[in-house]
Amino acid sequence: MDPTKGDDNGDGSEAKPWKTLAQVAARHMSRVEPGDTLLLATGYHGAVSLSGKNQDFITIAAGPNQTPTLSRLDVSGAKWRIKALTISPSFGDKPYEGNIVTFAEGDPGSNEIIIEDCFVYTELDSSAWDAAKWKKANSGIFMGRHGKGHVIRNCYVLNTRFGIALCAEDSICEGNVINNFSADGIRTTRDGQIVRYNVVKNNFVGAKDGDDNHDDGIQCFLFNKGTGTVRRVTVVGNIIINREDDNQKWHNPLQGIGFFDGPLVDFVVTDNVVLTAMWHGVSLFDAQNCRIERNVCWSRWKDNLKPWIQLGGKGKSDGPSPNVVKDNYACSFKLETPGAVAENNKPSSQQIMEQAMAKAHNTICEKFGKYHPVAGYSRLGMTKGKNPDATNTGTATDTKTGGETTPKNPRNHP
């Protein structure tokens, strides 16, 4: 598809490409078969809504060396893969409220939808935003409640209210960067979700600015209820940074991993690095049979809000539980839940934090690249660069293994 050279009356071939993805979604999707790849050229492709229950993945991706843009994206149904698109309301005719990307919400038959390598933002430059603008910013990516096996992978979410919300069971959020946000970075709200190797950084505005949301880097609660049992959530290898610039305007004391509304059953919280000026580095309330291991929490700021690791409660658990808290570093430990097994937990320090941060960052870069393939930003800081491993090939992904697979019907539609 080519917004400049394409024609709505084309046939989708390289010689006669269609014009925009919005037009194809509205008029030509019946001609697209499971296993096909739709390649998008540079230019504006509209506000796009996709639906359909595909037997094999239909991939929609940026063509090689192309930078297609959308103003909004909504995807429902089964087996869609969206890769390497830039999505922002700033490309449209007028602003709107709410989520920039929504998927798996409208159709109960939604299943196995992948959002990968995309660049999602409200506006590129937030340097002049005031507190009211931060509170009214769009939210980034909303994974709806329907289906299983969804993936949000290696997306860069910039200048948003909420970053990424996860509402479908047995789904994955991995390798993403949430940079500059004014509410929560990642929300995990259903059983079996995996949140791993993400960078969540630079939180803006709080109670002092008229914002009542208690911001968390990663937050957990039961979807659509607020409280209640959530099971089998894994939170591994994430980096959470309150702010990178000590002189950041509208800064706010961000809570790290704040899971307060259980019961929480069979959670695994390991190898996360939390640098924040707030008490809750890693806090699990009403935890049952959970593991908190090898996390590092510290603050480089001089105020009295130093992050701890906590097992707390609101009286919703079934009594003593063999939670394990082992090999962690934090400014303090508050292990209030009866029956907890605590081993080798020690005070953190600047040196320990720096070593842990470097190790976690290297692990993430090895898996997903130092620079985001579309946004171009480094994962820490805002250095611009190029990911030499980035490709916009549009191959399908096995959601269970994360490996690349070749489409069964590899026809490419420009």
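Rules of the game
The numbers attached to residues start from 1 for each chain and follow its sequence in the written order. Under the rules for a predicted model, residues below a pLDDT of 70 receive no local features and side-chain atom pairs below 80 are neither given nor counted, while totals for whole chains, interfaces and linings still include all residues. The side-chain numbers reported here are obtained from all heavy atoms of the structure, hydrogens and water having been left aside. Where helices and strands are cited, they refer to DSSP runs of H or I of at least four residues and of E of at least two residues respectively, numbered from the N terminus. Atoms counted for the radius of gyration: C-alpha only. Globule rule: 2.2 Å times the number of residues to the power 0.38. For the exposure calls, accessible area comes from a 1.4 Å probe over protein chains only, and a residue counts as buried if that area is under 20% of its type's maximum, exposed if over 50%, partly exposed in between. Whether two residues are in contact is decided by their heavy atoms, any of which lying within 4.5 Å being enough. Values of accessible area rely on a 1.4 Å probe in the Shrake-Rupley scheme; residue burial ignores everything except the protein chains shown. Salt bridge, as used here: a side-chain nitrogen of Lys or Arg that lies within 4 Å of a carboxyl oxygen of Asp or Glu. The aromatic pairing rule takes the rings of Phe, Tyr and Trp, using the six-membered ring of Trp, and pairs them if the centres are within 6.5 Å, calling planes under 30 degrees apart stacked, those over 60 edge-to-face and the rest tilted. Whether a charge lies above a ring is judged from NZ of Lys or CZ of Arg, which has to be within 6 Å of the ring centre and within 35 degrees of the ring normal. The term nonpolar core refers to a set of buried residues drawn from Ala, Val, Leu, Ile, Met, Phe, Trp, Tyr and Cys, joined through side-chain atoms within 4.5 Å. For two strands to count as paired, DSSP must find a minimum of two bridges between them. Take the residue count of a helix, subtract one, and multiply by 1.5 Å to get its expected span. For every element, the axis is a line fit to its C-alpha atoms; helices are fit only across the contacting stretch, and the angle between N-to-C directions ranges from 0 to 180 degrees. Each residue carries a pLDDT score, the predictor's own confidence in it, on a scale running from 0 to 100. Polar contact criterion, stated in full: a pair of N or O atoms within 3.5 Å, where within protein one must be able to donate a hydrogen and the other to accept it, and residues adjacent in sequence count only if both atoms are side-chain atoms.

**Remarks on the overall build of the chain**
Here is step 1 of the chain: Regarding its fold elements, the chain presents three helices and 41 strands.
Here is step 2 of the chain: For a compact globule of 414 residues, the expected C-alpha radius of gyration is about 22 Å, and the chain comes in at 21 Å, within 12% of that figure.
Here is step 3 of the chain: Overall, the chain is about 65 × 45 × 35 Å in size when its C-alpha atoms are taken along their principal axes.
Here is step 4 of the chain: In the chain, which comprises 414 residues, the share counted as buried stands at 59%.
Here is step 5 of the chain: Long-range contacts, defined here as pairs at least 24 residues apart, represent 61% of the contacts in the chain between residues at least 6 apart.
Here is step 6 of the chain: For the chain, the accessible area works out to roughly 16600 Å², and carbon and sulfur atoms hold 48% of it.

**Some words on the pattern of salt bridges**
Here is step 1 of the chain: Inspection of every chain in the model, using the stated rule, returns 24 salt bridges.
Here is step 2 of the chain: In this structure, Asp8 and Arg27 form a salt bridge, with 2.2 Å as the shortest nitrogen-oxygen distance. Within this pair, whereas Asp8 is found in the segment before helix H1 (21-27), its partner Arg27 is found in helix H1, the two being separated by 19 residues in sequence.
Here is step 3 of the chain: Its salt-bridge partner being Glu123, residue Lys133 comes within 3.0 Å of it at the nearest N-O pair. You can see Lys133 sitting in helix H2 (residues 131-136) and its partner Glu123 sitting in the loop between strand S11 (119-121) and H2, a full ten residues away along the chain.
Here is step 4 of the chain: Three or more residues joined by partner-sharing salt bridges are found here, namely Arg81, Glu116, Arg153, Glu174 and Arg196.

**Focus: the packing of aromatic side chains**
The relation between two aromatic rings is expressed through the spacing of the ring centres and the mutual angle of the planes.
Here is step 1 of the chain: In this structure the tally under the stated criterion is ten aromatic pairs.
Here is step 2 of the chain: Centre to centre, the rings of Trp134 and Phe204 are 4.2 Å apart; their planes meet at 15 degrees, and the pair counts as stacked. Pair noted here: Trp134 is in helix H2 and Phe204 is in the loop between strand S20 (199-203) and strand S21 (216-220), with a separation of 70 residues, a long-range link.
Here is step 3 of the chain: Residue classification places Phe204 among the buried positions, given a relative accessible area of 10%.
Here is step 4 of the chain: On the numbers, 5.8 Å between centres and 75 degrees between planes, the contact of Phe259 with Phe267 is edge-to-face.
Here is step 5 of the chain: Of the residues examined, Phe259 reaches a relative accessible area of 0% and is grouped as buried.
Here is step 6 of the chain: Judged by relative accessible area, Phe267 falls into the buried class, the value being 0%.
Here is step 7 of the chain: Positioned above the aromatic ring of Trp308 is the side chain of Lys334, whose terminal nitrogen or guanidinium carbon lies 4.9 Å from the ring centre.

**Details of the nonpolar core**
Here is step 1 of the chain: Grouped together as the largest cluster of nonpolar side chains are 66 residues, with contacts concentrated most on Phe259 and Leu284.
Here is step 2 of the chain: Per-element accounting of this core gives the leading share, three residues, to strand S9 (residues 99-103).
Here is step 3 of the chain: Other than its neighbours up to four places away in sequence, Phe259 contacts Thr188, Ile218, Gln219, Cys220, Val235, Leu264, Phe267, Val269, Ser283, Leu284 and Phe285.
Here is step 4 of the chain: In terms of nonpolar packing, the next biggest core, distinct from the first, is built from 24 residues, Tyr156, Val177, Trp298 and Ala360 among them.

**A few points about unusual backbone geometry**
Here is step 1 of the chain: Cis peptide bonds are those with omega within 30 degrees of zero, and the linkage from Gly262 to Pro263 qualifies with 10 degrees.
Here is step 2 of the chain: Note that Pro263 resides in the loop between strand S25 (255-259) and strand S26 (264-265).
Here is step 3 of the chain: For Asn159, which is not a glycine, the phi torsion comes out positive at approximately 55 degrees.
Here is step 4 of the chain: Looking at Asn159, the relative accessible area reads 1%, which means it is buried.
Here is step 5 of the chain: The phi angle at Arg232 is positive, at roughly 60 degrees, despite the residue not being glycine.
Here is step 6 of the chain: With respect to the helices and strands, the residue Arg232 is situated in the loop between strand S22 (230-231) and strand S23 (234-236).
Here is step 7 of the chain: Taking the relative accessible area as the measure of exposure, Arg232 reaches 41% and is therefore partly exposed.

**Observations concerning the sheet that holds S26**
Here is step 1 of the chain: Spatially, the three strands line up as an open sheet ordered S22-S26-S30, and their pairing is parallel. Two strands close off the open sheet at either side, each with one partner strand: S22 and strand S30 (287-288).
Here is step 2 of the chain: The pairing of S26 with S30 spans two bridges and is classified as parallel. Looking at the pairing, Leu264 lines up with Ala287 of S30.

**A look at helix H3 (residues 350-368)**
Here is step 1 of the chain: Here H3 is 19 residues long and its end C-alpha atoms lie 26 Å apart, about the 27 Å a rise of 1.5 Å per residue gives.
Here is step 2 of the chain: Structurally, H3 contributes buried residues whose contacts are with strand S13 (151-153), strand S16 (172-174), S20, strand S24 (239-241), strand S28 (273-275) and strand S32 (296-298).
Here is step 3 of the chain: After H3 finishes, the residue Gly369 shows a positive phi value of roughly 95 degrees.

**Observations regarding the sheet that holds strand S3 (residues 47-50)**
Here is step 1 of the chain: Judged by pairing direction, the sheet is parallel, and its eleven strands sit side by side in the order S3-S6-S9-S12-S15-S18-S21-S25-S29-S33-S36 without closing on themselves. The open sheet is flanked by S3 and strand S36 (332-335), the only strands paired with a single partner. Looking at each pair of strands side by side, their axes are set apart by 10 degrees on average, direction ignored.
Here is step 2 of the chain: Sheet topology places strand S6 (residues 72-75) next to S9; three bridges connect them, and they run parallel.

**As for the confidence of the model for the chain**
Here is step 1 of the chain: On average, residues of the chain carry a pLDDT of 90, and 92% of them reach 70 or more.
Here is step 2 of the chain: Of the regions scoring below 50 in pLDDT, residues 388-414 engages in 75 contacts with residues more than four places distant in sequence or in other chains.

**Points about the side chain of Thr189**
Here is step 1 of the chain: Here Thr189 shows up in the loop between strand S18 (186-188) and strand S19 (194-196).
Here is step 2 of the chain: Reaching out from Thr189, the side chain makes a polar contact with the backbone oxygen of Leu166 at a distance of 2.6 Å.
Here is step 3 of the chain: For Thr189, the residues in contact, after removing those within four places along its chain, are Leu166, Cys167, Phe221, Leu222 and Phe223.

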